[in-house]
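# Reading the structure
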Amino acid sequence: MSTAVLAARPASSYVPPARLARLPLLAAVALLPWLAVLAVCHETPWVVLDLTEFAALLSLDGLLRRRSPAALWAGAAVALLLTGDALADIACAGPGVAMLAALVMASCIELPLAVVCLWLGRDAAVRAA
């Protein structure tokens, strides 16, 4: 789909429901127990990645609350981190149940959250313009 087609649609068709605006904050809070588990297991690279996601999600939430046009970039950063996390999980998963768990996490949590963060960021940029 070209950008001309996207620009031709009215901005009101892109407005996400208000309940989605708190999703970055909820996702950041939901990461905290998982970060504790990873820290106890001494999984330092995954802790660093998830801490980066945590900070990016909190930043996106703060920018969305201020209705800042910079939320577009924060949403893109969160989406990039979540997509990279999903791909790394799938690439590092062993066969069997581990692969199934990585695929379920990617398709049910990480990638949908990435799309929502992009959507929220774009909506904030459109409203600010």
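Our structure is the block above this text.
Remember, predicted model here, so these are calculated numbers, not experimental data.

## Here we look at the layout of surface pockets
- In this structure, the largest pocket occupies an estimated 670 Å³ of space.
- Contributing to the lining of the largest pocket are 26 residues, with W34, D85, D89, M105 and E110 lying nearest its centre.
- When contributions to the lining of the largest pocket are tallied by element, the ones reaching two or more residues are α2 (23–40), α3 (44–65), α4 (71–92) and α5 (97–128).
- Sorting elements by how many residues they give to the lining of the largest pocket places α5 first, with nine residues.
- Its residues assigned to classes, the lining of the largest pocket shows 20 nonpolar, one polar and five charged.
- Lining the second largest pocket are 13 residues, with A21, L64, R67, D123 and R127 sitting closest to its centre.
- Of all the secondary structure elements, the ones that give two or more residues to the lining of the second largest pocket are α3 and α5.
- Here the element with the most residues in the lining of the second largest pocket is α5; it accounts for four residues.

## Looking at the nonpolar core
- Counting residues in hydrophobic clusters, the biggest one holds 24 residues, and the most contacted among them are L57, L60, L64, A71, V78 and C117.
- When residues in this core are grouped by element, the largest group, seven residues, is from α3.
- For L57, the contacting residues outside a window of four places in its chain are P24, A27, A28, L31, V78 and C117.

## Overview of α3
- Here α3 spans 31 Å end to end across 22 residues, near enough to the 32 Å set by a 1.5 Å rise per residue.
- Buried residues of α3: V47, L49, D50, E53, F54, A56, L57, L60, D61, G62, L63 and L64, and no others.
- Elements in contact with the buried residues of α3: α2, α4 and α5.
- Trailing α3 by a residue or two, R67 shows a phi angle of about 55°, which is positive.

## Digging into unusual backbone geometry
- Of note in the backbone geometry, H42 takes a positive phi value of approximately 60° without being a glycine.
- On the secondary structure map, H42 appears in the loop between α2 and α3.
- By relative accessible area, which is 66% here, H42 ends up exposed.
- The phi dihedral of R67 falls on the positive side, at around 55°, and the residue is not glycine.
- Looking at the secondary structure, you find R67 in the loop between α3 and α4.

## Side note on the side chain of D50
- Residue placement: D50 occurs in helix α3.
- Buried and unpaired, D50 has no salt bridge, with R65 as the nearest side chain of opposite charge at 21 Å.

Procedures and definitions
Residues numbered from 1 in each chain as written. Predicted model: local features only at pLDDT ≥ 70, side-chain atom pairs only at ≥ 80, totals over all residues. Heavy atoms only, no water. 1 Å grid on protein atoms, 1.4 Å probe; cavity = no way out; pocket = protein on both sides within 12 Å on 5 of 7 lines; lining within 4 Å. Points joined across faces, edges and corners; volume = space filled by probe spheres on them. Helix = DSSP H or I, 4+ residues; strand = E, 2+ residues; numbered from the N terminus. Nonpolar A, V, L, I, M, F, W, Y, C, P; charged D, E, K, R; others polar. Core = buried A, V, L, I, M, F, W, Y, C linked by side-chain atoms within 4.5 Å. Buried < 20%, exposed > 50% of the residue type's maximum accessible area, 1.4 Å probe, protein only. Contact = heavy atoms within 4.5 Å. Expected span 1.5 Å × (residues − 1). Lys, Arg positive; Asp, Glu negative; His and termini not counted. Salt bridge = Lys/Arg side-chain N within 4 Å of Asp/Glu carboxyl O.

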